[in-house]
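Here is what each chain is made of, one letter per residue.
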Amino acid sequence: MTFYAISALDDRVKNPDQLITVDVSRFSDSLAELYSNLAKPVLDMAIYNYSLSKSVGGEGLFIMSLLVQLSANVMRALTPPFGKYVADEARLEGEFRFLHSRLIDYSEEIALYHGHEAEKDTLDKGYFTLIKHVNRILRRRLYHGFMEDFVIKYFWGALGLILCSIPVFFKIPGQITQTMGDRFVTNRRMLLSSSDAFGRLMFSYKEISELAGYTARVSSLLEVMDDLLAGRFEKKLVSSASTEENAAVLSGRGEVEESDSIEFTDVPIVSPNGDVLVRKLSFTVHPGDHLLIVGPNGCGKSSLFRILGGLWPVYGGKVKKPRFDEIFYIPQRPYLSRGTLRQQVIYPDGLREMRAKGVTDDDLYDILSIVEIASVVDRPNGWDAEEEWRDVLSGGLQQRIAMARLFYHRPKFAILDECTSSVTMEIERVMYETAKRLGTTLMTVSHRRSLWKYHKKILQFDGQGGYIFTGLDWERRLKLEE
């Protein structure tokens, strides 16, 4: 539900699949490596600097630490913003992955248009934009690496040798008596260990910057998810008319109550791009009041169902509806999951939920017999057969499976969106009569006249922001239509 809201209702996160699958993993790896990159060097610096201060005196160590800190600040100021670079690289990678996934989704349409050259140009543009940015990062790392190595190995090394030579020429109070050579060698050994630890800390600064980039990406994802769960959405409007008025509607929030009936009171119906299709929609459907919904494309029928299904927020007014599990939705092209034949009928239930309801495979067989597709069980492995069902079953069989799914769940309300477009009128009749016999109140979107007689009410949109909600005298309407 949250992923749907990020993709459809909010504009702040682009390519959330890239964030979830790649950036979270990189953030976790970078964070896990941070401990090993920081803990031991810090401990080494503390131990060796303490021993070195005893040998060369605290004043010399303080002066050297001050010079090192000043040079480190200069290096930090000259260090490119690797965190921002990493965040931009992740964003470009996400956009490039999206181009490929989009190509997969629309491969048939592109093939029919012979659009492979145009699509290849689009892919090349995304690819070279990404590569140009990556090469820019590598060049900056090269220059920064030269500067970093020079300062750490040569400048700090020269300062260290000067520090090591202090006890050779000057008497340090409290120092253990050693020969001149032993002093220099001992101090140099401790200095090398300390400088090695400090060098590792400086090198890890770049990794910390990259971690900051991943953190910004993951943090933005978590913040948007929290906002969506709290009902706060940010979506750019692209509607051409009454944009300010539409923005005011989208910024509002209505009320949702649980009820045995479906009731809309002054609820705005909004399209995905921000157009307010109906400013105030009001209607009531009690159990048994089967409702037919008609209107031209883009008038708000799908938006109405998304509100009922809890996918879209209520932008105003008041909505009363049953619990989520008491409303069932069957689209024109039903969703078939990966799994067994049994799972297609009981989806989204699993085998355990099916057993808990006291339903057996024989009961499922009877359900399939109602819609005259019991023969699909005769294939190898029967109910346990696993196929890519969308490819195996025709459009008509898929719609019958969806009808069987409705009979299995027996919801109080069913939203039927052109769900009988690929079946015969006889199967359509059986489906509607069986659903009504099971006590399911039907809300149907369809332009087929044959369905009028199964409904008591009609909600008709005119496509201009108006609507009519009234009783349906199907015999009189059929005569007028003729």
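Everything numeric here is computed off the predicted structure, so don't read it as measured data.

Novice: Sorry, what's going on with the pattern of salt bridges here?
Specialist: When charged atoms on two side chains of opposite charge get close, those side chains can pair. In the structure shown here, the tally under the stated rule is 18 salt bridges. A salt bridge links R448 to E428, with the shortest nitrogen-to-oxygen separation between them at 3.4 Å. Of this pair, R448 sits in the loop between strand 10 (441-445) and strand 11 (457-461) while E428 sits in helix 15 (residues 425-437); the two residues are 20 residues apart in sequence, bridging distant segments of the chain. For R448, a relative accessible area of 22% gives the class partly exposed. Residue E428 is classed as buried on the basis of its relative accessible area, which comes to 1%.

Novice: Any chance you could explain the sheet that holds strand 9 (residues 413-417) here in plain terms?
Specialist: One key point about sheets: their strands pair by backbone hydrogen bonds, in either a parallel or an antiparallel sense. Across the sheet, six strands lie side by side as 6-9-10-4-11-12; this open sheet has mixed pairing. Of all the strands in the sheet, the pair left with one neighbour each is strand 6 (327-330) and strand 12 (467-471). On average, each strand axis in the sheet is inclined to that of its neighbour by 15°, with strand direction left out of account. Where strand 9 meets strand 10, five bridges bridge the pair, whose relative direction is parallel. By the bridge assignment for strand 10, F413 is matched with T441. Sheet contacts for helix 9 (residues 301-308): strand 4 (291-294), strand 6, strand 9, strand 10 and strand 11; angle to strand 4, the most-contacted strand, approximately 135°. Those strands touched by helix 14 (residues 395-409) are strand 6 and strand 9, and its axis lies near 175° from that of strand 6.

Novice: What should I look at first to understand the packing of aromatic side chains in this one?
Specialist: Given two aromatic rings, their pairing is described by the distance between the two centres and the angle made by the two planes. Under the counting rule described, the total for this entry stands at seven aromatic pairs. Relative to Y329, the ring of F305 has its centre 6.1 Å away and its plane inclined at 55°; by these criteria the two rings are tilted. Taken together, the residues F305 in helix 9 and Y329 in strand 6 connect sequence positions 24 residues apart. What links up through ring pairs into an aromatic cluster is the set F96, Y127 and F128.

Novice: Sorry if this is basic, but what is going on with the layout of surface pockets here?
Specialist: Any empty space left between atoms is shown by rolling a water-sized probe over those atoms. In this structure, the largest pocket spans a volume of roughly 960 Å³. Considering the residues around the largest pocket, the lining is formed by 29 residues, among which F324, I327, F328, Y329 and I330 are closest to the centre. Taken together, the elements giving at least two residues each to the lining of the largest pocket come down to helix 9, strand 6, helix 14 and strand 9. Each residue belonging to the lining of the largest pocket can be placed in one class, and the counts come to 17 nonpolar, three polar and nine charged. Of the pockets and cavities examined, the second largest pocket occupies roughly 410 Å³. Lining the second largest pocket are 20 residues, and of these M1, G310, L311, W312 and P313 lie nearest its centre. Those elements that place two or more of their residues in the lining of the second largest pocket are helix 1 (2-8), helix 7 (180-229) and strand 5 (318-321). Broken down by element, the lining of the second largest pocket gets its largest block of residues, three residues, from helix 1. For the lining of the second largest pocket, the residue count by class is 15 nonpolar, four polar and one charged.

The rules behind each value
- Residues numbered from 1 in each chain as written.
- Predicted model: local features only at pLDDT ≥ 70, side-chain atom pairs only at ≥ 80, totals over all residues.
- Heavy atoms only, no water.
- Salt bridge = Lys/Arg side-chain N within 4 Å of Asp/Glu carboxyl O.
- Helix = DSSP H or I, 4+ residues; strand = E, 2+ residues; numbered from the N terminus.
- Buried < 20%, exposed > 50% of the residue type's maximum accessible area, 1.4 Å probe, protein only.
- Pairing = 2+ DSSP bridges.
- Axes fitted to C-alpha atoms, helices over the stretch in contact; angles between N-to-C directions.
- Contact = heavy atoms within 4.5 Å.
- Phe/Tyr/Trp six-rings, centres within 6.5 Å; stacked < 30°, edge-to-face > 60°.
- 1 Å grid on protein atoms, 1.4 Å probe; cavity = no way out; pocket = protein on both sides within 12 Å on 5 of 7 lines; lining within 4 Å.
- Points joined across faces, edges and corners; volume = space filled by probe spheres on them.
- Nonpolar A, V, L, I, M, F, W, Y, C, P; charged D, E, K, R; others polar.

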